[in-house]
Amino acid sequence: MSYEYLIFAPLVLALFIYIPTRNLGGTKHVALALFLYMFSKTIELYQSLPAHGYKLLGEFLDVKAFDFALTLQVDRLSVIMLLLTSVLLILVTLSSWSLEKKPAAYFSLLIFFSGAIFGVFMSTNLLWFFIFWELTLIPMLFLVGIWGAEGRIYAAIKFFLYTHVASMLILLAFFMMYKQSGTFDMSLIKESMLSTPILIWWLLFIGFAVKIPLFPFHTWLPDAHVQAPAPVSALLAGVLLKMGAYGMIRLVLLLLPEASQRYAWVLVTLGLLTLLFAGFMALYETHIKKMVAYSSISHMGLIAIAMGALSFDSLSAALYEMIGHALIISPLFLIAGFLHHKLNSWEMEDMGGIMQKAPYLSAIFVLAGLGALGLPGTMGFIGEISILISSIESFGSWMVVILIGSLISAAYLIWTFRRVIYGEISTKVEQTDFSMNRVEFLALVIFSILIIYFGLFPQTLFSEINQAFDSFFNIGGLS
Amino acid sequence: MSAFITLFAFALFSFAIRNISLLKVLSLIALGACAYFSLHNYHVELNGFALSSAMALFEVVLFIVLGAFVLNETETVNITQTLFIGTASVALLESNTLINFIISFEALSIISFVLVANIKNAQQAEGAVKMFIAGSIATALIVFGTAFYLFEGHSLNKTIQSVGMFGAIGLWVMLMGLFYKLTIVPMHTWAADSYSQIKASHAALLSGVAKTVAALATFKIFAPFLLQNLDFSMPILITFSLITMTLGNFLALFQKKVSKILAYSSIAHAGYMLLAFVAVKSGYASTGLLYIAIAYIFMQSSLFMLIGNLHDNSSYITLENLKGLGKKDKITSLIFSIQLFSLAGVPLLAGFISKAVLVYAVVDVNLPIVALITLLNSALSVAYYAWIIKHIYFDDVSLNYNLKELEFTPLLAQVILLGGTLYFGVFAYTVFAV
């Protein structure tokens, strides 16, 4: 069965759905139906995967002279990313249900984004991977630039330029790989001897470090996160940053294992710096969305540390934390955006005592916040503890410094609860009606259920994640 | 030379047709016939001319683009001139000897001068004069270089032979003359003004059609010479290429007039095209140049034509005027943005894969630093393309908004050009197959 339409149908549909639905409405229904369909197809794909290695879905548009063929192959790692993406697309659509400003264009762009991001996770030809990688920037540019807050234009263009420059390094690395191996197929490059693996490693590393983002390449993200509309921030944190982490795992760690082992300390050091720097920045913030944004970056630092540990357990922990981070940080962004929408302020001092006016919403915020600080029973705890253990296994007991990051996150999150959720009710909160669209609330409830479910039953996720890395460690490459 | 003869004959005949609709229809039929001849390689043998499969593909693209120009025009004289430009372009593309190359090149230059002589205001006059002076210097250099080449006893009625010192000096002087036409820095100064001052559709023909044709023909004729002198030519061409793209991109960043931004972008693209000359020993260089020529002819023609459609005086269109265009004129904005994204090298559009092949050609000859600088230049160019898009979509409608909307035939022309940008963005095998 052909799967290329999962990529190209949304790209084409996005262009054509806009015109008829611009006046009639209904784009959000089309988007939701499409994302549900994509989710169901991904499940179907998952069930048909072989025990190890890739499942070839097809090869299209072959240009033999340049090895430029759209080779669609998936393995467990990519299908897990596809599942995460499709779930988040559904929840982001639900979270944008009551959007009033140009809904047809907004949902058309989301549809376009879905095609591009599926392309990223499904193609194993590096050039096509890059094409889809870059294509995700276009809808994001418009989603931030048109639907964002006051400083949206600056943030959108900064995001676009910053990540585009980083992509150029990735493209150069791909060209060098092709020159040295004669193929753009990532599943074949691994078998070939590259003559300059260190240079390629650095080019790819910096390219993906910008996307994750790691300190000091992170400066584009706080602006983009803060200015983007809340559902788009959730998409940024949940999908776009994960693209960077996926690229780092798939193309840096698994494709260039020797160079990765040699320079793992760079990844770990930058991960630690990101964890601590972003944590301190979050502690300092009074702007609720900036606090969430820095918290998001800080947790990406944790994922980087796990990736740098380069063991089976640490990579599994990193992937688990990637999923956990996506599910935990998204409701925090959505609620922060909702509070700004209602109170017309980002400042936490204007938000005291929300629990008294919106108890359910506050409960979800606290749950997600507790997840972020790593409370047992939530995904955050499992993610953090497994990263801590696997890092200590790889690097020794000094890795307990990770706990400093956890302490900082506990500090800023608990302090945020104190200022926003509890405490004395502010005049603004007193005068505001916090009623929320039911569909949007449903999205938050689903996020909460997933955070608790996978927190209580992490094995359901870990068994799949472990299988994803089994083949890499069994067949070769990493040891 | 079937296409050349057909187009030349029809261009002469077109003087007799005064009804613009009839002229448009007949011109499209003639261009269609030419495309058919090129596609099926119906070739009338003529000494010193030959049609390769790569040039045949480019000719087909050229006729499609000229068809779009014909659809876009509102004056019969411009259609006739467009057909003559096409005729000279075909002759240049098929030239196989140095003498035919020089004559065809001069023919294209002279027709270009006639084209821009259709002056409507003082600005257009200034642009035309600058172009004429630059063209004259280019011709002088080409003739001067030819004299050196002949001094060594070579024949012009052949392809470039193995040369000695004088021959090499002659060919380099000729190349400098040709670089005027290709707008290579520092021979570029006329282009930024001329492209932004002359009528937008003429700028489209000159920067979109004439430049790409000149680049392809120059590569075809001079590649053997550059291959013989790689140690000497490579550092010189790398310098020219990097300075051209960097200066073009930097200067574009500071412009307010959209036509001037496109003019500097055109100069930057000349720098990218020169990479093919740098990487001449790579098998990907000729494919890359062909690809970027195809992509560029669609993108640049479309953008300059759009500016001309928005306002009769292209100098009127500043970034300020484009504010909120996305809200007022969705179709123009969409086409404008897609073509800009393509120029910026956004994937699934012709601009990306064409640039990618060229950059790979540079990597293929072991020049990763040059490739990196090129890629960073490409990223830099995104800044001003994104800035135009920012004005179109993110800003509120301009207060002094009085831009025209696209009529049917210009819209059709734009759809054809957009089709080219999209087609060659996805179906790369069309170019690699030749």
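Every chain is numbered independently, its residues counted from 1 as its sequence is written. To read the labels, note that chains go from A and ligands from 1, taken in the order they are written. Where totals are concerned, whole chains, interfaces and linings use all residues; where local detail is concerned, this predicted model gives features only for residues with pLDDT of at least 70, and gives and counts side-chain atom pairs only at 80 or more.

Notes on the interface of chain A and chain B
Item 1. Whether two residues are in contact is decided by their C-beta atoms, placed from the backbone, lying within 7 Å. At the junction of the two partners, chain A supplies 25 residues and chain B supplies 27 residues.
Item 2. Looking at the side of chain A that touches chain B, the elements that each hand over two or more residues are β1 (55-63), α5 (126-135), α6 (137-147) and α7 (152-181) of chain A.
Item 3. Each helix corresponds to a stretch of at least 4 residues labelled H or I by DSSP, and each strand to a stretch of at least 2 residues labelled E; elements are numbered beginning at the N terminus. Broken down by element, the side of chain A that touches chain B gets its largest block of residues, twelve residues, from α7(A).
Item 4. Just so you know the grouping, Ala, Val, Leu, Ile, Met, Phe, Trp, Tyr, Cys and Pro go in nonpolar, Asp, Glu, Lys and Arg go in charged, and all remaining residues, Gly too, go in polar. Residues belonging to the side of chain A that touches chain B are distributed by class as follows: 20 nonpolar, two polar and three charged.

A short note on the packing of helix α3 (residues 53-72) of chain B against helix α12 (residues 283-310) of chain B
Residue and element names in this part refer to chain B.
Item 1. With axes taken as lines fitted to C-alpha atoms, and helix axes fitted only over the stretch in contact, angles between N-to-C directions fall between 0 and 180 degrees. Direction vectors running N to C along α3 and α12 enclose 0°, while the axes themselves pass 11 Å from each other. What the angle tells us is that α3 and α12 run roughly parallel. Together, Ala 54, Phe 58, Val 61, Leu 62, Val 65, Ala 68 and Asn 72 of α3 and Ser 286, Leu 290, Ala 293, Ile 294, Ile 297, Phe 298, Ser 301 and Met 305 of α12 make up the contact between the two elements.
Item 2. A breakdown of the residues in the contact of α3 with α12 according to their chemical character gives twelve nonpolar, three polar and no charged. The scheme is simple: roughly parallel for angles under 35 degrees, roughly antiparallel for over 145, roughly perpendicular for 65 to 115, oblique for anything else.

Some words on the packing of α12(B) against helix α16 (residues 350-364) of chain B
Residues and elements named next belong to chain B.
Item 1. Between α12 and α16, the least distance of the axes is 8 Å, while the angle of their chain directions is 155°. Judged by the inter-axis angle, α12 sits roughly antiparallel to α16. Once α12 is placed against α16, the crossing between them reads as left-handed. Contacts between α12 and α16 involve Tyr 284, Ala 285, Thr 287, Gly 288, Leu 289, Tyr 291, Ile 292, Ile 294, Ala 295, Phe 298 and Met 299 from the first element and Ala 350, Gly 351, Ile 353, Ser 354, Lys 355, Val 357, Leu 358, Tyr 360, Ala 361 and Asp 364 from the second.
Item 2. Its residues assigned to classes, the contact of α12 with α16 shows 15 nonpolar, four polar and two charged. Here is the rule for handedness: rotate from the far helix to the near one, and if that takes an anticlockwise turn smaller than a right angle the crossing is left-handed, while a clockwise turn gives right-handed.

Focus on the environment of Tyr320(A)
All names here are of chain A.
Item 1. By secondary structure assignment, the location of Tyr 320 is in helix α14 (residues 312-343).
Item 2. Along the backbone, Tyr 320 and Ile 465 are 145 residues apart, and their C-alpha atoms lie at a distance of 7.3 Å.
Item 3. Here Tyr 320 is in contact with Ile 382, Gly 383, Ser 386, Leu 461, Phe 462 and Ile 465, once residues within four sequence places are set aside.

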